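# Descriptive analysis of the structure
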Amino acid sequence: MAKRERALAPPYGGVFVARTTVMDGEDVRRATWRMAHEIIERNPVTADVVLVGLQTGGVWIAERLAQVIGEVTGDDVALGTLDVAFYRDDIGLRPVLPEATTEIPLDLTGRTVVLVDDVLFTGRTIRAALNALADYGRAKSVQLAVMVDRGHRELPIRPDYVGKNLPTRRDEMVDATEAGVVIGDVTAK
Amino acid sequence: MTVGTTTGTSATGTTTGSAGAPSTIAQADQPRAGRHLLSIADLGAEGIDEVMKLTDSFVEVSSRSIPKVPALRGKTVVSLFFEDSTRTRLSFETAARRLSADVMTFSSSSSSLKKGESLRDTVQTIEAMGIDAVVVRHGGSGVPWQVSRWVHGPSVINAGDGWHEHPTQALLDCYTIRQQQRARGIKSVPTLQGLRIAIVGDVRHSRVARSDVIAFAALGAHVTLVAPPTLLPASLVGWPVDVSHDLESVLPKLDVVYLLRLQKERMIEALLPSLREYTATYGLTRQRADLLPEGALIMHPGPVNRGVEIAAEVADLPASVITNQVANGVAVRMAVLYLLLGSGVDLAAA
């Protein structure tokens, strides 16, 4: 579930009401498959790649991508998770607590990092993630993979790999899971 | 209890009241229990659990090559210590710096207190400089509470007051026990349910014991106090504890033995015949440590009087987690500072 997004947008912690299914489980599987191949195409030396899933929505996508890349190339791709709570720019403006732990198993210096998230919206989470990554070493390059790009960027951030471009209204909410991608609304509890 | 991401209240110390939405300012005018950490009892089991969970994240931060996050950039924390302290003050200041907060250190010996300035004026002077949190240690019980009545913006954190409480010590003790349980493969232990913990020594003068008893009991542990009658509080009415005067009979049943420092500086009355006699009856000697079951922990809040309440060699046994306690102190205090100043989540039950 788009837990983070729901926590970020008022009414905080509201209830997600699904409206339209835009991708089903099979669509999500194919998009993951395609993105994995695009990552291999752009980074021929996959042993240098580290996939970092953003907690919590990006973690399962990073795991799937690593799995597919492993199957195709035979390389084990390094996998990490990142929680950006302490790097956010809205600390103090709304409740900000970490959702899960950060686990980056190796020094990122000289590696190609692919940040993985479920839904790209304002770009502020990714901005926080870029700052957080810098504390784990100087990566050779950082790329961004997202299942859904829903627009409404507030920062100059652009994804490298996209599952689906999805035009949305600002007040809508997008929920991306393995079972599919759903647009809906958040209502107060 | 309003812990969790559902609350929209901001717990930031908007000291100057210059920024923030109108609703935030209106709320800031209301006194909120969750803004301060004065007693461990304010937290309850749920609040302690919230701190524990957040501490996991800060343990990870502390393990990095750059152990610093920008979470509290622009916030100022003052440590206001009227009593000597090494670990607590350094631990709080390290915690604040690792959160990128600015730190001011106040020490009573080099301040205008020497010129006769009152505590209230000192506190108000510091508040006027625009700060977000005051960490208070004082020999008088209740001083942090009193300071919290005087200030309007900043959060007040009790770093030990007289014989009353030392809440962050209790938090780091709970965290250390849980961490050790996890290291032993006991997964997902959200509480200390069913653990048998003995607190041994000078309970009477110990703020650590008071906070620990509340915290351990809130998390479901069974607490036994072991001390000579003269070193127990005058009344134990309402304490969720058993009392024993025989350490050797208690030791074989324990999961944790928690030794208190014998506070020689507080021994104004003749409460003990001699230190040697205390050690002979209540000290954790090597022979007594061998009575502990496999896997039991030895804890101590420090500073350790080696050879008095604990034998020198016992403090260095693998079962002793005294240095883990100190290491966890920084992460726990980061969690407390972040919850009070950054997270926007009310720490305590209102």
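Residues numbered from 1 in each chain as written. Chains lettered and ligands numbered in written order. Predicted model: local features only at pLDDT ≥ 70, side-chain atom pairs only at ≥ 80, totals over all residues. Heavy atoms only, no water.

## Considerations on the sheet that holds strand β4 (residues 112–120) of chain A
Residues and elements named next belong to chain A. One open sheet holds the five strands; their spatial order is β3-β2-β4-β5-β6, and the pairing between them is parallel. Bordering the open sheet on either side are β3 (78–82) and β6 (161–165), each of which pairs with just one other strand. For this sheet, the mean angle separating the axes of adjacent strands, direction not counted, is 25 degrees. Running at roughly 150 degrees to β6, helix α2 (residues 25–42) makes contact with β2 (49–54), β4, β5 (141–149) and β6 of the sheet. Taken strand by strand, helix α3 (residues 59–73) contacts β2, β3, β4 and β5, and its axis lies near 155 degrees from that of β2. (Pairing = 2+ DSSP bridges. Helix = DSSP H or I, 4+ residues; strand = E, 2+ residues; numbered from the N terminus. Axes fitted to C-alpha atoms, helices over the stretch in contact; angles between N-to-C directions. Contact = heavy atoms within 4.5 Å.)

## Side note on the pattern of salt bridges
Evaluated as defined, the whole model comprises 25 salt bridges over all chains. Note that D316(B) is salt-bridged to R306(B), the shortest N-O span being 3.1 Å. You can see D316(B) sitting in the loop between α11 (312–315) and α12 (322–341) and its partner R306(B) sitting in the loop between β9 (297–299) and α11, a full ten residues away along the chain. Of the residues examined, R306(B) reaches a relative accessible area of 46% and is grouped as partly exposed. Each of R19(A), R169(A), D171(A), E172(A) and D185(A) takes part in a single network of salt bridges with overlapping partners. (Salt bridge = Lys/Arg side-chain N within 4 Å of Asp/Glu carboxyl O. Buried < 20%, exposed > 50% of the residue type's maximum accessible area, 1.4 Å probe, protein only.)

## Some words on unusual backbone geometry
Omega for the peptide link from Q55(A) to T56(A) comes to -5 degrees, which places this bond in the cis form. Mapped onto the elements of the fold, T56(A) is located in the loop between β2 and α3. Residue P303(B) follows G302(B) across a cis peptide bond; omega there is -10 degrees. Here P303(B) is to be found in the loop between β9 and α11. Although it is not a glycine, S100(B) sits at a positive phi angle of roughly 70 degrees. Within the fold, S100(B) resides in the loop between α3 (87–98) and β2 (102–107).

## Considering the side chain of T168(B)
Along the chain, T168(B) turns up in helix α6 (residues 167–183). For T168(B), the side chain forms a polar contact with the side chain of R333(B), separated by 3.2 Å. (Polar contact = N/O pair within 3.5 Å; in protein donor to acceptor, adjacent residues only side chain to side chain.)

## Regarding the domain arrangement of chain B
Accessible area lost on assembly of the parts is the figure often given for the size of an interface. All names here are of chain B. As assigned here, chain B comprises domain 1 (22–166 + 328–341) and domain 2 (168–327). For domain 1 and domain 2, the distance between their C-alpha centroids amounts to 26 Å. Taken together, the contact pairs 32 residues of domain 1 with 31 residues of domain 2. Taken together, both faces of the contact between domain 1 and domain 2 bury some 2600 Å²; the carbon and sulfur share is 58%. Ranking the residues of domain 1 by area buried against domain 2 places W163, H166 and N328 at the top, with a combined share of 31%. Connecting domain 1 to domain 2 are three salt bridges. Of the charged contacts in the structure, one is a salt bridge between D56 and R182, with a shortest N-O distance of 2.9 Å. Applying the counting criterion to the domain 1 and domain 2 interface returns 20 residue pairs in polar contact (both at pLDDT 80 or more). Of all the secondary structure elements, the ones that give two or more residues to the side of domain 1 that touches domain 2 are α2 (44–62), α3, β3 (133–138), β4 (155–161) and α12. Residue composition of the side of domain 1 that touches domain 2, grouped by class: 16 nonpolar, eight polar and eight charged. (Domains from an automatic or database assignment. Buried area = accessible area lost by both parts, 1.4 Å probe. Nonpolar A, V, L, I, M, F, W, Y, C, P; charged D, E, K, R; others polar.)

## A look at the environment of P159(A)
All names here are of chain A. Position of P159 among the secondary structure elements: in the loop between β5 and β6. Given the relative accessible area of 10%, P159 is considered buried. With residues near it in sequence (within four places) discarded, P159 still touches L120, L144, V146, D149 and R153.

## A closer look at the packing of aromatic side chains
Two aromatic rings are characterised by how far apart their centres lie and by the angle between their planes. If you walk through the whole model with that rule in mind, you get six aromatic pairs over all chains. For the ring pair F86(A) and Y338(B), a centre distance of 5.0 Å and an interplane angle of 80 degrees mean the geometry is edge-to-face. Here Y338(B) lies in helix α12 and F86(A) lies in the loop between β3 and β4, a pairing that spans two chains. The residues F86(A) and Y338(B) share a single accessibility class, namely buried. Ring centres of Y278(B) and Y282(B) lie 5.8 Å apart, and the angle between their planes is 25 degrees; on these two criteria the pair is classed as stacked. Here Y278(B) pairs with Y282(B), and both are found in helix α9 (residues 275–282), just four residues apart, close to one helical turn. The residues Y278(B) and Y282(B) share a single accessibility class, namely buried. One aromatic cluster in this structure is built from F86(A), F58(B) and Y338(B). Positioned above the aromatic ring of F121(A) is the side chain of R150(A), whose terminal nitrogen or guanidinium carbon lies 3.8 Å from the ring centre. A cation sits over an aromatic face here: R333(B) above F92(B), 5.0 Å from the ring centre. (Phe/Tyr/Trp six-rings, centres within 6.5 Å; stacked < 30°, edge-to-face > 60°. Lys NZ or Arg CZ within 6 Å of the ring centre and 35° of its normal.)

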